[in-house]
Amino acid sequence: MKEPSGLKIHINGVVQGVGFRPFVYGLATRFALNGWVKNTSAGVDIEVDGEKDVLDAFAKALRDEAPPLSRIDDFTVTPVIWAGFRSFDILHSQAVEGAFQPISPDFTICKDCLREVFDPADHRYRYPFINCTNCGPRFTIIKDIPYDRPKTTMATFPLCEICAKEYEDPLDRRFHAQPVACPDCGPHIWLESLNVEKLESSQDSLITHHSSDEAILEAQNLLLSGKILAIKGLGGFHLACDATNAKAVSELRERKLRVDKPFALMMPDIEMVEQHCFLNDAERELLESIARPIVLLRRRPESSIAKEVAPEQDMLGVMLPYTPLHYLLFDENAEFDALVMTSANLSEEPIAYTNEDARERLSSLADAFLMHNRDIHIRCDDSVVRVFEKEIYPLRRSRGYAPFPVKLPWDVPPLLAAGAELKNTFCITNQNYAFMSHHIGNLENYETLQSFEQGVTHFEKLFRVKPEAIAYDLHPNYLATRYAIERAESENLPTFGIQHHHAHIAAVMAENGLSGEEKVLGVAFDGTGYGEDGHIWGGEFLVADYAGYERAAHLPYFPLAGGDAATKRPSRTALGLLYELGIDWDEYISPMQNLCSEERMALRVQLEKKINTPMTSSMGRLFDAAAALAGGRQSVNYEAQGAIEFEALADDFIKPEFARQFYSRSNLAAKETAYPIGHTSARKDASRRVINRDNVEFGSYSFCNEQAQIELRSGILSLLKDVHDNIPISTISAKFHNGIAEMVIKTCVSLREKSGINTVALSGGVWQNMFLLERTLAALRADNFEVLIHRRVPANDGGLALGQAAIAAWQLK
């Protein structure tokens, strides 16, 4: 007989709430090993006795056969002496002072639970809260770690005898599934009318299957009749209506104060999605993934989805059902193809997530409420993604992905990065984890600031972080910046003011695992970011690493007449651009009839006297101006609307010359397919910055003595000539996009020749433009550049906090 021995195993990662302990128990039984397993706030600990070859096979199986929702980050095996265990046991969870672990996001209902919910013989038949260790809520119900029922919002629901038996059985898939419940002991749903009268029995009584079905059937009837419902989900409420009912969709827009911004849709299955949208394999995989994000898909021309869902768009944002309640709403009684499922809030407010909050804030928006009494501890919006080159390209990272961490290439001290103002997320770091928050939204009001502060407090508690420093955006008026500075002052913490576009480039570097020793050519294109000269940047070429950056090239500055007023009226941005370029706008005013002669005269005086005309180098504003000059959107009611619609109009068959020549550099100046945009001028006052922990500049960060400004006048004159010659806007849009792509490749080639740097990092919200990204990326790769793009956090400001954290961590390191 071989000499018995033992192993101690510590596993860290997403290993709690995902069925890991019953999986370990099952493996130990299979290998006939004795010992124990337990959760701690540091992960999962295991000790087993047995023969060495059996123990080795057990350890290998732990890695190879781990539960589908788990993610192992660290796996430590330590040989120990044989302890003489006589059985294998699951021990009670143990709190470890200061220890932490990653938390699982909320996931869609699994196939087993979905089968049971529609099985008349099952105890949980048509129960809206069925779940197991392989599915259901996690992040939105957890209050603290270790992840046990008393530390979740399910603590108020004592288990019945049937559920308790499953919960205690290590071989049952509901073993220690913390949200486990049934109709006899768990949460229930009800429907409320506007006057808060229940449409079925009292909330405080147990709801039978029949009463739940009544609530769902009445909800279906209301939706079919054109009513708007507030439906409580995993991370908050949705506002829902029949997506094929144009009148209902228009009414929702009017109530929600959302004029044109597209609504998200929920469709019952892939077959229905394919009736309304073109779908490839990668998009199908994302739709059916356990994260269940909203996926942007190209609309079929024959789709019956109301045009009012996404005005002037050829794309629809679609998700599949991800909770049992969603599937019940789409059961055999449902007579609608798709539902609008948009965040339940007035424009720019945080999503409603408590019953009381919904009654108070949504009473003017919804005709009825489909409620439940399982509390949501932390609100969490739906994630939004699209497919690029057969892989995920995130636009909003939230439910299904948050709070999964991004692993950094080095251990970092605990710190907080506050993010930006638009599409805010924050970031908490601990060891080599960067925990990116769920989507907070636009930090432009007190309600959203409260949501931000609540999220920060929750993350610091969950991940055992007491920040040693705080990073923030340089813009002095951002609420996140003010929060960071005020908190740092009150807690006597060092701060790092991070330039906006440097943070963008650092974010894409960090998620691609760059160690910090290498520099990149960063191309940061977005709508707005506070520059170190006090101007608004946004069309930037940076030579950067985590330690600092040099602004090597940028778009020329042009004025925004009226500041924010210009961002809402691109025609004003367009005329400001023409004025700065010395182009007489009276020759080219015909596409911009919304500006009367008196307003144009006042605008000219404003520009000449420099009255409230902040200067910008923003690529986002350049797109707005080009769209307006071409006859596109003259005023907007949501961010980047003009640019988004301009992209949608672009003729995909008009390829830049480098594309038609297999992306050869030999013929870049393709005037017939791309407007001539390029850098020809230079300035001596290049911006260079290296940061230390006291936010004081020091040293030098330079590879050349001048920064280039991109020449725009020739390209804009060519665009205006096409407008004058009545060239279709689809052609103009394509040529403008192609011109920007060619400008990027020419600028990067020039900077590579000066610096020797061959890695290009693309970040900023403009890179959500797929027409531009596809052409630019192909051209860069064809010229043998290594190109970094986003795959784990958004290119927009939703990923900015990761870059702030990486820069601050490097300095603290």
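For every chain, the first residue of the written sequence is number 1, and numbering continues from 1 along that sequence. Owing to the predicted nature of the model, reporting of local features is limited to residues with pLDDT of at least 70; listing and counting of side-chain atom pairs is limited to 80 or more, with chain, interface and lining totals taken over all residues. To get the side-chain values, take all heavy atoms of the structure and skip hydrogens and water.

K.L.:
Sorry, what's going on with helix H15 (residues 570-581) here?
P.N.:
Since the α-helix packs 3.6 residues into each turn, any two residues three or four apart lie on the same face. Helix and strand assignments come from DSSP, with helices taken as H or I runs of at least 4 residues and strands as E runs of at least 2, each series counted from the N terminus. An expected span of 1.5 Å times one less than the residue number is assigned to each helix. Over its 12 residues, H15 extends 16 Å from the first C-alpha to the last, a length consistent with the 16 Å expected when each residue adds 1.5 Å. Three exposure classes are used, based on accessible area relative to the maximum for each residue type with a 1.4 Å probe and protein chains only: buried under 20%, partly exposed in between, and exposed over 50%. Counting buried residues in H15 gives 10 out of 12 residues, a clear majority hidden from the surface. Taken as a whole, H15 has its buried residues at Pro570, Ser571, Arg572, Thr573, Ala574, Leu575, Gly576, Leu577, Leu578 and Leu581. Gly582 occupies a position one or two residues after H15 and carries a positive phi of about 75°.

K.L.:
Would you mind going over the pattern of salt bridges with me for this structure?
P.N.:
Oppositely charged side chains can form a pair if their charged atoms are brought close together. Salt bridge, as applied in this entry: a Lys or Arg side-chain nitrogen positioned within 4 Å of an Asp or Glu carboxyl oxygen. Across all of its chains, the model carries 39 salt bridges by this definition. Among the salt bridges present, the one from Arg752 reaches Asp783, with a minimum N-O distance of 3.1 Å. Taken together, the positions of Arg752 in helix H21 (residues 729-755) and Asp783 in the loop between helix H22 (770-782) and strand E29 (786-788) put the pair 31 residues apart, joining distant regions of the chain. The two residues Arg752 and Asp783 agree in class, both being buried. Each of the salt bridges in this network shares a partner with another, and the network as a whole consists of Glu116, Arg124, Glu166, Arg173 and Arg174.

K.L.:
Looking at this structure, how should I read the environment of Gly582?
P.N.:
Summarising the element assignment, Gly582 is placed in the loop between H15 and helix H16 (597-609). Of the residues examined, Gly582 reaches a relative accessible area of 53% and is grouped as exposed. With 131 residues separating them along the chain, Gly582 and Arg713 place their C-alpha atoms 8.3 Å apart.

K.L.:
Is there a simple way to think about the packing of aromatic side chains in this case?
P.N.:
Any two aromatic rings considered together are summarised by their centre-to-centre distance and by the angle between their planes. Only centres within 6.5 Å qualify two rings of Phe, Tyr or Trp (six-membered ring in Trp) as a pair; their planes then separate them into stacked at under 30 degrees, edge-to-face at over 60, and tilted for everything else. Under the criterion given, the structure shown has 23 aromatic pairs. Considering the side-chain rings of Phe100 and Tyr433, the 6.0 Å spacing of their centres and the 85° angle between planes classify their relative orientation as edge-to-face. Note that Phe100 is positioned in the loop between strand E5 (88-90) and helix H3 (111-117) and Tyr433 in strand E17 (residues 427-436), a separation of 333 residues in sequence. Note on accessibility: Phe100 and Tyr433 belong to one class, buried. Taken together through their ring pairs, the aromatic side chains of Phe100, Phe139, Phe426, Tyr433, Phe435, Phe452, Phe459, Phe463 and Tyr483 make up a single cluster. In this structure, Arg399 is placed above the aromatic ring of Tyr322, and the distance from its NZ or CZ to the ring centre is 3.6 Å. In this analysis the charged atom, NZ for Lys or CZ for Arg, is taken to sit over a ring once it is within 6 Å of the ring centre and within 35 degrees of the ring normal.

K.L.:
Is there a simple way to think about the packing of helix H17 (residues 619-629) against H21 in this case?
P.N.:
When two helices pack together, their arrangement is given by the angle between the helix axes and by the axis-to-axis distance. Think of each axis as a best-fit line through the C-alpha atoms, taken over the contacting stretch in the case of a helix, with angles from 0 to 180 degrees between the N-to-C directions. Following both chains from N to C, one finds H17 and H21 inclined at 150°, their axes separated by 11 Å at the closest point. Taken together, the axes of H17 and H21 are roughly antiparallel relative to one another. By crossing handedness, the relation of H17 to H21 is classed as right-handed. On H21, the residues touching Met619, Leu622, Phe623 and Ala626 of H17 are Phe736, His737, Ile740 and Met743. By residue class, the composition of the contact of H17 with H21 is 7 nonpolar, 1 polar and no charged. Angles are sorted into four bins: roughly parallel if under 35 degrees, roughly antiparallel if over 145, roughly perpendicular if 65 to 115, and oblique for all others. Here is the rule for handedness: rotate from the far helix to the near one, and if that takes an anticlockwise turn smaller than a right angle the crossing is left-handed, while a clockwise turn gives right-handed. Whether two residues touch is decided by their heavy atoms; if any such pair falls within 4.5 Å, the residues are in contact. For this scheme, ten residues count as nonpolar: Ala, Val, Leu, Ile, Met, Phe, Trp, Tyr, Cys and Pro. Four count as charged, namely Asp, Glu, Lys and Arg, and the remainder, Gly too, count as polar.

K.L.:
Any chance you could explain empty space enclosed by the protein here in plain terms?
P.N.:
Over the atoms, a rolled probe matching the size of one water molecule traces out where space is still vacant. In the cavity and pocket records, a cavity denotes points on a 1 Å grid over the protein atoms alone where a 1.4 Å probe fits but cannot get out, a pocket denotes an open set with protein on both sides within 12 Å along at least 5 of 7 lines, and lining residues are residues with an atom within 4 Å of a point. Grid points are joined across faces, edges and corners, and a volume is the space filled by probe spheres set on the points. The full count for this structure, using the stated rule, is 6 cavities of 30 Å³ or more. In this model, the largest cavity occupies a volume close to 140 Å³. Residue lining of the largest cavity: 19 residues in total, with Pro128, Leu234, Thr323, Pro324 and Arg374 positioned closest to the centre. Grouping the amino acids of the lining of the largest cavity by side-chain chemistry returns 11 nonpolar, 6 polar and 2 charged. By volume, the second largest cavity amounts to about 90 Å³. Lining the second largest cavity we find 14 residues, and of these Gly17, Val18, Gly19, Arg21 and His176 sit closest to its centre. Per-class residue counts for the lining of the second largest cavity are 6 nonpolar, 7 polar and 1 charged.

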